[in-house]
Amino acid sequence: MARKALIHQIEARERRGRWFGALATLLSMSLLLSGWVGLFAFLGANSAYGTFDELRDEWVPDTRSMELTLPDLSRVSRVYADSGEVLAELHDGRNSEPIPYDEVPEIVVQAILAAEDAEFFQHDGVDFSAIASAAIDNIIYDTTRGGSTITQQVVKNAFVGSELTIRRKVNEAFVAAELERRFPKERILEFYMNSVYFGAGAYGVQSAALEFFDKDLDQLRIHEAAALSVLVRNPAFYNPRRFPERTLERRDDVILQMQEEGWITQAQSDWATGQPLDVVDSPLRRGEADHVVAEVKRQLLNDDEFSFLGATNEERKKAIFGCPADDVACEGGGGLQIVTTIDLNLQKEANRILNEWLPLPPYEENLAACGGIFDDFADNQAYYAKYAETHSCKPTGAISMVDNRTGAVKVMASGLPFEFSQFDLAVQGRRNPGSSFKPIGLAAALEQGYTLGHHWSGQRQIDIECPFPCAPNGSNIWRVRNAGSGKGVISLQAATYGSVNTVYAQLSLATGPENVVDMARRMGVTESALNPVLSIVLGSSAVSTLEMASAYSNFATNGLHADDYIVAQIIDHEGNVIYSHDSEPVQVADPALFAAARRPLLQVPRIGTAARPLGNFEYGRFDDGTARIGGKTGTHQSYLDAWYVGFSPEYSTAVWVGFEAEQIPLENVVAKGQTYKRVFGGSIPAPIWGEFMEVVMADLPETKFPGEPDNIRDYLIPPLTTVPVVVGLDLDKAEDLLMIEARLNVEIVEVASLEAAGTVVHQSLEPGARVSQGTFITIHVSTGEIPQAPLISLIGQTFEESIATIRDFELATGLKITLVETKVDVNDPELVGKIVSSNPAPGSVITESATVVLGVGQLAPPPPEP
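Residues numbered from 1 in each chain as written. Predicted model: local features only at pLDDT ≥ 70, side-chain atom pairs only at ≥ 80, totals over all residues. Heavy atoms only, no water.

Trainee: Got a minute to help me understand the overall build of the protein in this structure?
Mentor: What the protein contains, in helices and strands, is 27 helices and 31 strands. For the protein, with 866 residues in total, the buried portion stands at 50%. With an accessible surface of roughly 39,500 Å², the protein has 50% of that area assigned to carbon and sulfur atoms. (Helix = DSSP H or I, 4+ residues; strand = E, 2+ residues; numbered from the N terminus. Buried < 20%, exposed > 50% of the residue type's maximum accessible area, 1.4 Å probe, protein only. Areas by Shrake-Rupley, 256 points an atom, 1.4 Å probe, with all protein chains shown as cover.)

Trainee: Looking at this structure, how should I read the sheet that holds strand 18 (residues 642–647)?
Mentor: As summarised here, the arrangement of the 5 strands in space is 8-7-19-18-17, forming an open sheet in which the pairing is antiparallel. Every other strand in the sheet has two partners, leaving strand 8 (409–414) and strand 17 (630–635) as the edge strands with one partner each. Across the sheet, the mean angle separating the axes of adjacent strands is 10° when strand polarity is ignored. Both strand 7 (residues 396–403) and strand 19 (residues 651–658) contribute to a ladder of 8 bridges, which runs antiparallel. The partner of M401 across the bridge, within strand 19, is T653. With respect to the sheet, helix 25 (residues 685–697) is in contact with strand 7, strand 8, strand 18 and strand 19, its orientation differing from that of strand 19 by roughly 145°. (Pairing = 2+ DSSP bridges. Axes fitted to C-alpha atoms, helices over the stretch in contact; angles between N-to-C directions. Contact = heavy atoms within 4.5 Å.)

Trainee: Before we go on, may I ask you to explain the packing of aromatic side chains in this structure?
Mentor: Applying the stated criterion across every chain yields a total of 22 aromatic pairs. Ring centres of F374 and Y387 lie 5.5 Å apart, and the angle between their planes is 80°; this geometry places the pair in the edge-to-face category. Here Y387 lies in helix 17 (residues 381–390) and F374 lies in the loop between helix 16 (363–373) and helix 17, a separation of 13 residues in the sequence. On the numbers, 5.2 Å between centres and 85° between planes, the contact of Y639 with F680 is edge-to-face. With a gap of 41 residues between them, Y639 in the loop between strand 17 and strand 18 and F680 in the loop between strand 21 (674–678) and helix 25 connect regions that are remote in the sequence. F680 sits in the partly exposed class, given a relative accessible area of 38%. An aromatic cluster of at least three residues, connected via ring pairs, comprises Y552, F555, F594, F622, F647 and F705. (Phe/Tyr/Trp six-rings, centres within 6.5 Å; stacked < 30°, edge-to-face > 60°.)

Trainee: Would you mind going over the side chain of Q206 with me for this structure?
Mentor: Here Q206 lies in helix 9 (residues 205–213). What makes Q206 buried here is its relative accessible area of 7%. At 2.9 Å, the side chain of Q206 forms a polar contact with the side chain of D216. Once you skip the residues sitting within four places of it in the chain, Q206 turns out to touch E97, I99, D216 and L217. (Polar contact = N/O pair within 3.5 Å; in protein donor to acceptor, adjacent residues only side chain to side chain.)

Trainee: Which parts of the structure should I look at to understand helix 15 (residues 344–357)?
Mentor: One turn of an α-helix holds 3.6 residues; hence residues three or four places apart share an orientation. Given a rise of 1.5 Å per residue, 14 residues ought to cover 20 Å, and the 20 Å separating the end C-alpha atoms of helix 15 matches this to within 8%. Turning to helix 15, its buried residues are L344, L346, Q347, A350, N351, I353, L354 and W357. Two or three places before N345, at the start of helix 15, stands the capping residue D343, its side-chain oxygen 3.2 Å from that residue's backbone nitrogen. (Expected span 1.5 Å × (residues − 1).)

Trainee: Is there a simple way to think about the side chain of N482 in this case?
Mentor: Topologically, N482 is positioned in the loop between strand 11 (477–481) and strand 12 (489–491). From its side chain, N482 meets the backbone nitrogen of T502 in a polar contact 2.9 Å long. Setting aside residues up to four positions removed in sequence, N482 forms contacts with G458, Q459, R460, V500, N501 and T502.

Trainee: Help me understand the sheet that holds strand 1 (residues 77–80) in this model?
Mentor: The strands making up a sheet associate through backbone hydrogen bonding, with each pair oriented either parallel or antiparallel. Pairing within the open sheet is mixed, and its 5 strands lie in the order 2-1-6-14-15. In this open sheet, the two strands that pair with only one neighbour each are strand 2 (86–90) and strand 15 (577–580). Across the sheet, the mean angle separating the axes of adjacent strands is 15° when strand polarity is ignored. As defined by bridge partners, strand 1 adjoins strand 6 (residues 337–340) across 3 bridges and the pair is classed as parallel. Within the sheet, the bridge partner assigned to Y80 lies in strand 6 and is V339.

Trainee: Just to check I follow, could you spell out empty space enclosed by the protein for this structure?
Mentor: Vacant regions in the atomic arrangement are exposed by a probe of water-molecule size rolled over the atoms. Applying the stated criterion to the full structure yields 4 cavities of 30 Å³ or more. Considered as a void within the structure, the second largest cavity measures approximately 40 Å³ in volume. Among the residues forming the lining of the second largest cavity, the class breakdown is 4 nonpolar, 3 polar and 1 charged. (1 Å grid on protein atoms, 1.4 Å probe; cavity = no way out; pocket = protein on both sides within 12 Å on 5 of 7 lines; lining within 4 Å. Points joined across faces, edges and corners; volume = space filled by probe spheres on them. Nonpolar A, V, L, I, M, F, W, Y, C, P; charged D, E, K, R; others polar.)

Trainee: Whenever I open this one, the packing of helix 13 (residues 290–302) against helix 14 (residues 313–321) confuses me. Can you help?
Mentor: The geometry of a pair of packed helices is captured by two quantities: the angle between their axes and the separation between those axes. Running from N to C, helix 13 and helix 14 point in directions that differ by 135°, and their axes come no closer than 9 Å. When the interaxial angle is binned, helix 13 and helix 14 end up oblique. Contacts between helix 13 and helix 14 involve K297, Q299, L300, L301 and N302 from the first element and N313, R316, K317, I320 and F321 from the second. For the contact of helix 13 with helix 14, a count of residues per class yields 4 nonpolar, 3 polar and 3 charged. (Parallel < 35°, antiparallel > 145°, perpendicular 65-115°, else oblique.)

Trainee: So what exactly am I meant to see when it comes to unusual backbone geometry here?
Mentor: For residues that are not glycine, phi is negative in most cases, and the peptide bond is trans in most cases. The linkage connecting N839 with the following residue, P840, adopts the cis geometry, with an omega of 5°. Locating P840 in the fold gives a position in the loop between strand 29 (835–839) and strand 30 (845–847).

Trainee: How should a negative patch on the surface be read in this particular structure?
Mentor: Residues D730, D732, D736 and E741 make up a contiguous surface patch of negative charge. Structurally, the position occupied by E741 is in helix 26 (residues 731–741). (Patch = residues over 30% accessible without salt bridge, like charges linked within 9 Å, V, L, I, M, F, W, Y side chains within 5 Å. Salt bridge = Lys/Arg side-chain N within 4 Å of Asp/Glu carboxyl O. Lys, Arg positive; Asp, Glu negative; His and termini not counted. Charge placed at Lys NZ, Arg CZ, Asp CG, Glu CD.)

Trainee: Help me understand the layout of surface pockets in this model?
Mentor: If you add up the space inside the second largest pocket, you get close to 1,400 Å³. Along its surface, the second largest pocket is lined by 44 residues, and S435, R481, A483, N501 and T635 are the ones closest to its centre. Mapped by element, the contributors of at least two residues to the lining of the second largest pocket are strand 11, helix 24 (611–614) and strand 17. Of the residues forming the lining of the second largest pocket, the biggest block, 5 residues, is contributed by strand 11. Among the residues forming the lining of the second largest pocket, the class breakdown is 15 nonpolar, 21 polar and 8 charged.

Trainee: Is there a simple way to explain the pattern of salt bridges in this structure?
Mentor: Note on pairing: side chains with opposite charge can pair once their charged atoms come close. In the structure shown here, the tally under the stated rule is 27 salt bridges. The residue D82 makes a salt bridge to K410 at a minimum N-O spacing of 3.0 Å. Taken together, the residues D82 in the loop between strand 1 and strand 2 and K410 in strand 8 connect sequence positions 328 residues apart. Taking relative accessible area as the criterion, K410 reaches 12% and is therefore assigned buried. Across the pair D624 and K704 runs a salt bridge, and its minimum N-O distance is 2.7 Å. On the criterion of sequence distance, the pair formed by D624 in the loop between helix 24 and strand 17 and K704 in the loop between helix 25 and strand 22 (720–722) is long-range, its members being 80 residues apart. A cluster of three or more residues bridged by salt bridges with shared partners is formed by R78, E89 and E97.

Trainee: Just to check I follow, could you spell out the environment of L601 for this structure?
Mentor: Within the fold, L601 resides in helix 23 (residues 591–607). Separated by 31 residues in sequence, L601 and K632 place their C-alpha atoms 6.5 Å apart. Once you skip the residues sitting within four places of it in the chain, L601 turns out to touch P439, T496, F555, G630, G631, K632 and F647.

Now the structure itself:
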């Protein structure tokens, strides 16, 4: 029976298809011409030129040969955090989220039908009674009410357009009939509900429900579904945010129509018409990770890795965002689920901590701050008034964190809200890292054959002569100063956790800045321009926090580096995984090299430049007392930028503090109620790092760093050096020879001497001896004064012992002593071989030089027998 009913239904449609087109044509013409007069005038004019068949041939389209395929609708793409939270919706003005017909709640379907086409399931594409009613209304009341069915609206929007001509209305009627012949009613209605425009960029019922009620479709109540249906007729006229009264009036009409159709009861109707409109304000859809979303969009549109989205930028744009709202010919695109690596909870914590330390000031306060830092403020107040709207004149910051094992970006926080500044300080910001770049130089030096045991002069200031112009002023003499006092000769290990500039300047010259750049590239600093100059180890090339976090991950993994990434997976609208990131870690250099480089970095929070803010860090040590965190401070020249980059076994995190749009000295900065005269890497960035990482590490199980390979000793031991001859040299030449060339630590003792003042008169280590770099050598330097001192007592020593004693006396006094031995008879056998007399006597003052005669006891002969 069902099959026979279906056959009869098809036959009935075939018969109606042969005659209703003509009537639809005439009624459409009459409607378009707004009156029966127009209709008869049209018929009269055309009947003179041929028969009705000729009219039909000219005006009725051949719908059987037409390709009628309902367009593939654009869809909203969504960006997700790693645990599934929605970070953003992506579309090109067409906020559309198509859903199957059977997932649309019945109350929503009924509301749409009540508002637009209550007879939809009864007519065959054109509702003749509705057209006639509309035509009569147009004549009598001079209105412009249409009589189009939902099917005709689909045809107009998808196939024949909206041109105001008779031919278009004729085509619309015939194509509507053909469309209903080819597709089930439910499919046509599904397309309509998913494609119709509701206003505010929302296409389709699901997007409209979210836009105007911030609800999914299945959460809508009767009055809300009815309110949505009102917008279809004219989204601008019935804009519920601008014209709530007219929207409410029309909504109640729809609710009454639903009651008349028997879809809701009287009680439901009374309740629904008594409800307020309840439309929500336009959602800004801004969140904690808007800068992340911007970076995701940039990568999808530009990076080669996502070329499968399209060969051109336009193709990629359509694949990601779908069709533009104003492009009616465009179809498809969008509907992607883009899963990122971001941990939204940690992202929120990073934003919170940055805002607590460095909050964005109110406009007036920000403008006043601009007046304090720009010299031309008084002459350009109008410019800075505008400038202060989008630029912070107070310091801000950025935090980036990566997973050491995979390279996944877990946090990418920019200190300024996205609505204030779209510039992403964590990724787009390029700032000078200062001494936080030294560990990269360290890795390059170790690869070139240097060890942590190599010693260098750490004097407070050093002039390095280069074979090429290497100084900021273009000369070949580069003068480098330390932040603190001089350090003597120190090991590369101590120079790292103590952040000694003069040592690293020498290291850069010895290693070669081009090798430092090469190491930086392999470690993960891949986007920023790196200038291969000597000062690169002191942070002269600007980089991003993300690059620095990626680079430091090498110290936690023994150099097994995975490139940072933020897009983990992409799923299309059909549920197919079309992209999945596969981390492929690469061994950057010898694992023992990075294990060795990790050692001084683990000391930075304990005894180095971050000891004050991080010395008591809660998770700084493992249960066995060994270090669990490492890192390095960085302060750029003139205090323009301040950094702390650190790592745990699991994550590496970089923190930058500075000004957003200008490089301005970080002086007299107020943060958390404290004023910092000058900001160093250890004063604000390191505490921010510690506060953030305490949140990160609170629930982490203890994970050890990878073990140190057996060959780590190759990168630790100090090399041997040869002790030079410095006696007779002036002090400056002797120090240069001992410290800079031989790399020995020098202790200076001043002594009175006949030698010229400043002349080395003695050295403690024998010339030519082979000793480890860093060994201490004592040199005695003449004061130029005439030496004099009381003679020490040598009584009781052997003559050989007296020689050693008098040599020490000479070193201490600058005197020249000649010892002469003479034999003296003694009767006591215990005095034999011992000094029993001295001439001059002990305590006698000796000047310049003297000869001392020492009487050494010998057993006296026995007395003669009587």
